[in-house]
Amino acid sequence: MLIIKTVDELKDVLFRVKSSGKIVGFVPTMGALHAGHLSLLEKAKSENNVLVCSIFVNPIQFNNKQDLEKYPRNVEKDINYIEDLVDILFLPSEEEVFPSAPTEKFDFGKLESVLEGKYRPGHFNGVATIVKRLFDWIKPEKAYFGEKDYQQLVIIRELVRQFNLPVQIVACPTVREPGGLAISSRNARLSPEEYKIAPCIYQILLSLPPKTTLSVSELKQYAISEIEKIKEFKLEYLEIVNAKTLQPITNFDDAEKVICCVALYLGEVRLIDNIFLKK
Ligand code: PAF
């Protein structure tokens, strides 16, 4: 695995790679790599000739300073974890990515005013800023994103559409622990007790698809009441939305695909998850 720290070297190496006709797949990450990242990397590896991974904890997508400070970082461990799989690891410093304060302003309309966007102002502008820069430097044929961050996936697709970027976005299913907890870098911050409770999120989500005979508002109420039964959970939002527009629906017939998205706090850790109710 070649480790590259500067944009100039990255562009240089990739220019030679592409000139030899090789297809480049890309997985952007913020490190603290886990089985979820591994599944993205393995899929990318199987579909491309050269696999590029980036590790960069992007400060401008954290709306909460504490969350940024506490974000797990362990680059040595990450390198060991992926060195047999990845061809090029892009590991830039903050100065390399943002030599001056970034000024990009994106407009994703209603896609960003709901769900995560409503509770994390500026988050998706920060995500779009880094992803667009990485796409511009790497110019991958395909880039891979997990469905766990479902709104991020929808917004990245919109970014690609708005700027007509020549990259195919590949969505990968959420990887879960045996009990159902969606794997996330933030899980490392759960206490052993919280860790035992956390899988209840997915157990509750799993109970929803068989109940889609209820109305949307009844189902939403049912899901919220199940979450509120667990006193350790502090619900931030639970929404049943059109999976394409991310706007709340009134009837299941209102959308071709319907997804239920949830965000809650367990202790100090913010967890998100989702389940398709109609796909
Ligand atoms: O999903 C993530 O890990 C980040 O939001 C991403 C896409 C790497 C951008 O910093």
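As a reminder, the structure under discussion sits directly above these lines.
Notes on the structure follow. (Residues numbered from 1 in each chain as written. Predicted model: local features only at pLDDT ≥ 70, side-chain atom pairs only at ≥ 80, totals over all residues. Heavy atoms only, no water.)

1. Describing the pattern of salt bridges
Here is the rule we go by: Any carboxyl oxygen of Asp or Glu that lies within 4 Å of a side-chain nitrogen of Lys or Arg is treated as forming a salt bridge with it. Secondary structure elements are defined from DSSP: runs of H or I of at least 4 residues count as helices, runs of E of at least 2 residues count as strands, and each element is numbered from the N terminus.
Inspection of the entire model under this criterion finds 19 salt bridges. Its salt-bridge partner being glutamate 47, residue lysine 142 comes within 3.1 Å of it at the nearest N-O pair. Here glutamate 47 lies in helix α2 (residues 35-47) and lysine 142 lies in strand β5 (residues 142-146), a separation of 95 residues in the sequence. Beyond isolated ion pairs, a larger network of salt bridges with shared partners links Asp67, Glu116, Arg120, Arg186, Arg189, Glu236 and Arg270.

2. Some words on the sheet that holds strand β7 (residues 233-242)
Put simply, the rule reads: A pair of strands is considered paired only if DSSP assigns at least 2 bridges between the two. In this description, a line fitted to the C-alpha atoms serves as the axis of each element, helices being fitted only across the stretch in contact, and the angle between N-to-C directions of two axes falls anywhere from 0 to 180 degrees.
With antiparallel pairing, three strands are arranged side by side in an open sheet as β7-β8-β9. Of all the strands in the sheet, just β7 and β9 (269-278) have a single pairing partner and so form its edges. This sheet shows a mean twist of 15° between the axes of neighbouring strands, independent of strand direction. Strand direction decides the pairing type here: β7 and strand β8 (residues 258-266), joined by nine bridges, are antiparallel. When the sheet's bridge partners are listed, lysine 234 is paired in β8 with tyrosine 265.

3. A look at the site of the ligand
Rule in force here: Residues are counted as near a molecule or strand when any one of their heavy atoms sits within 4 Å of it. Contacts described as polar in this section are N or O atom pairs within 3.5 Å, which, within protein, must combine one atom able to donate a hydrogen with one able to accept it, while residues neighboring in sequence count only if both atoms come from side chains. Per-residue and other accessible areas follow the Shrake-Rupley method at a 1.4 Å probe size, with only the shown protein chains counted as cover for residues. Gly is placed with the polar residues, together with every amino acid not listed as nonpolar (Ala, Val, Leu, Ile, Met, Phe, Trp, Tyr, Cys and Pro) or charged (Asp, Glu, Lys and Arg).
For the ligand, the full set of nearby residues is Pro28, Thr29, Met30, Asn58, Gln61, Ile130, Phe145 and Gln152. Between an oxygen atom of the ligand and a side-chain N or O atom of glutamine 61, the distance comes to 2.6 Å. One of the side-chain N or O atoms of glutamine 152 is found 2.7 Å from an oxygen atom in the ligand. Burial of the ligand by the protein chains amounts to 89% of its free accessible area of 290 Å². Within the shell around the ligand, the residues separate by chemical class into four nonpolar, four polar and no charged.

4. Considering the pairing of strand β6 (residues 168-172)
Here is the rule: By convention, orient the strands away from the viewer: a clockwise path from the first strand over the helix to the second makes the crossover right-handed.
For β5 and β6, the ladder comprises five bridges, and the chain directions are parallel. When the bridges of β6 are listed, phenylalanine 145 appears paired with alanine 171. Tracing the backbone out of β5, into helix α8 (residues 150-163) and back to the parallel element β6 gives a crossover that is right-handed.

5. Considerations on the packing of helix α7 (residues 123-138) against α8
Note the cut-off: Oblique is the label for every angle not falling under 35 degrees (roughly parallel), over 145 degrees (roughly antiparallel), or within 65 to 115 degrees (roughly perpendicular). Note on convention: the crossing is left-handed when the near helix lies turned anticlockwise from the far helix by less than a right angle, right-handed when the turn is clockwise. Every residue pair with non-hydrogen atoms within 4.5 Å of one another is taken to be in contact.
The interhelical angle for the contact between α7 and α8, taken along N-to-C directions, is 55°, at an axis separation of 10 Å. One finds that α7 runs oblique with respect to α8. Both α7 and α8 take part in a crossing whose hand is right-handed. Along its contact with α7, which presents Phe124, Val127, Ala128, Val131, Lys132 and Phe135, the element α8 presents Gln151, Gln152, Ile155, Ile156, Leu159, Val160 and Phe163. Tallied by class, residues from the contact of α7 with α8 come to 10 nonpolar, two polar and one charged.

6. Regarding helix α11 (residues 216-228)
Just so we agree on the cut-off: One fewer than the residue count of a helix, multiplied by 1.5 Å, yields its expected span.
A rise of 1.5 Å per residue sets the reference length of α11, with its 13 residues, at 18 Å; its end C-alpha atoms lie 18 Å apart and thus fit the reference within 8%. Close packing links the buried residues of α11 with α10 (200-206), β7, β8 and β9.

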